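# Topology and contacts: notes
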Amino acid sequence: MKISLFNGIIYIYFTKEVRSIISKTYSCSLSGIDGVIVTIEADCSNGLPAVELVGLPDTAVKESKERIRSAINNSNFVFPQKRLVINLAPAYLKKEGASFDLPIAMATLAASGQFDTRCCEGCIFIGELALDGTVRRVKGALPMVLEAKKKGFTKAIVPAENAAEAAVVEGIEVYGASSLTQVIEHLTGVALIDRTSVDIASLFELDRNHLGDFAEVKGQDAAKRALTIAAAGGHNVLMIGSPGAGKTMLAKRLPTIMPGLSFDEALEVTKIYSISGKLPPGESLITTRPFRSPHHTVSAVAITGGGTNPKPGEICLAHRGVLFLDEFPEFRKDTIDAMRQPLEDGSFTVSRANATVTFPSSVMLIASMNPCKCGYYGDSSRECKCSAGEIQRYMHKISGPMLDRIDIQIQVPSVKYSNLASTEQTASSSDMKAKVDTARAIEKERYKNESYITNSDLDNKGIEKYCPLDSDSQNVLTDIFEKTGLSARAYTRIIKVARTIADIEESENITSAHIVEATGYRSLDKKFWFS
């Protein structure tokens, strides 16, 4: 009862006390390939039974109300028959997916007085709930737990199927839960869940021989040399040759000679595969370099990433690895041109009305193509049926600016029977990798105080500082440039490839021989091809 006096009149108010309990739990959302901490607030008050879910939830989050209701009731708890308001903060960030089911259920139980949130201080919850209370696997557990660790959380309760990938994050305790009841029992001390741990060192020691070996490739010594240079310097490659020459076989074995992933690089790659839902079940960490080979009918958005709610594309999934594009001219022109900026910058920004996200795209592009539409132009064993005009139109499907971004362009001739039948040992992956490791060690020492990682990362300032040319090399390069009409970008790429060749040969300086060999890897520049 309240009493007030106004203009000499006494007013008496009879009010009904309304009590409400507000609880908080914490979860994480995704923005690009990174996590964003989300606070779940639940307010349970007297009133007509209703559930209001606010904070910019998407359809999957809105539907969680019914999943959570059934999960709570089927876990021997009681869903509150009161007015329940659930807020997901920050409100400006769109919340996607079903990973908020578990934290919303925990906040609901706490707001209705069935659970004390003091038991979960410093803990983050991630997981989808089934109708019977089972905790199901979600996408993006790794980047979510990484963000939780950065923000000072000490514990993470995730689905049991996600526990292995989340446990690679050091400095935070990870517990894999199978049901809502198990989570409550763990937090209240009734039955503790064993902490999940992963031996990271052992993950990098797993046998990866299933990737193949270059020793299996016969009669392509020049192509092997070019791929060794590419792996040593991180250069993009275009292989041109008749059908059956071995282009695909060569490309698929490239990861076997590339340096192994560092732990930080492995985390980057695993984050991308985690949010894409492509991380194999039970696998903790991707320790081999990715190899992606999309079909030529793929769209530009599927290559670069995007969509209404931006998701990684093929070039992002190949981050720190190889993106192989077979039958390169058969890709749509807009798809090929869409890759130009991500290949140049090593990242790709997608801007939408509700979000702007950046996806990493530091890849080695390996493309292959036939020399003409019929596939046999220049082949010594088969006659080409294409006219000169048809050959030019076929080649012009790839723009000059795109070719400029491909450092190494080589021809892969058909293999003769004598090479196939030969028992002579050819260069193996281990032989080639030894040269790659030598060059990479030199690059690592050279760029230890720089932002560059490989020679392909050098900008104009880096080229000027680390790629000085003597007078003979300058004269050779000037002569080649004037005769072929190479672009300025091709000019700098020749120097970077020459720097890599010098590193493989452990030469401190770039010589004219290195320049000549590097220029020989520009065989698809227009004036070379049609002169």
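Preceding this section is the structure that the text describes.
Throughout what follows, the structure given in this document is the object of discussion. (Residues numbered from 1 in each chain as written. Predicted model: local features only at pLDDT ≥ 70, side-chain atom pairs only at ≥ 80, totals over all residues. Heavy atoms only, no water.)

## Some remarks on the sheet that holds strand β11 (residues 173–177)
Pairing in this open sheet of three strands is parallel, and the strands run β7-β10-β11 from one edge to the other. Of all strands in the sheet, those with a lone pairing partner are β7 (123–125) and β11, marking the two edges. Each neighbouring strand pair of the sheet contributes to a mean axis angle of 20°, computed without reference to strand direction. Inspection of the sheet shows β7 paired to strand β10 (residues 155–159) by three bridges, in the parallel sense. Note that in β10 the partner of Cys 123 across the bridge is Lys 155. Along the sheet, helix α6 (residues 180–187) contacts β7, β10 and β11; its crossing angle with β11, the most-contacted strand, is approximately 140°. (Pairing = 2+ DSSP bridges. Helix = DSSP H or I, 4+ residues; strand = E, 2+ residues; numbered from the N terminus. Axes fitted to C-alpha atoms, helices over the stretch in contact; angles between N-to-C directions. Contact = heavy atoms within 4.5 Å.)

## Quick notes on the pattern of salt bridges
Scanning the model with the defined rule gives 25 salt bridges in all. In this structure, Glu 314 and Arg 292 form a salt bridge, with 2.8 Å as the shortest nitrogen-oxygen distance. A residue pair is termed long-range when its members are at least 10 positions apart, and Glu 314 in helix α12 (residues 314–317) and Arg 292 in strand β13 (residues 291–292) qualify at 22 residues. With respect to burial, Glu 314 and Arg 292 carry one shared label: buried. Note that Arg 332 and Asp 334 form a salt bridge whose closest N and O atoms lie 2.9 Å from each other. Taken together, the shared-partner salt bridges connect Glu 344, Arg 405, Asp 407 and Arg 493 into one network. (Salt bridge = Lys/Arg side-chain N within 4 Å of Asp/Glu carboxyl O. Buried < 20%, exposed > 50% of the residue type's maximum accessible area, 1.4 Å probe, protein only.)

## With respect to helix α8 (residues 221–233)
Helix length check: α8 (13 residues) gives 19 Å between terminal C-alpha atoms against 18 Å at 1.5 Å per residue, within 8%. Counting buried residues along α8, 10 of its 13 residues qualify, which places the element largely inside the surrounding structure. For α8, the full list of buried residues reads Ala 223, Lys 224, Ala 226, Leu 227, Thr 228, Ile 229, Ala 230, Ala 231, Ala 232 and Gly 233. Taken from the residues just after α8, Gly 234 is the one with a positive phi, measuring 70°. (Expected span 1.5 Å × (residues − 1).)

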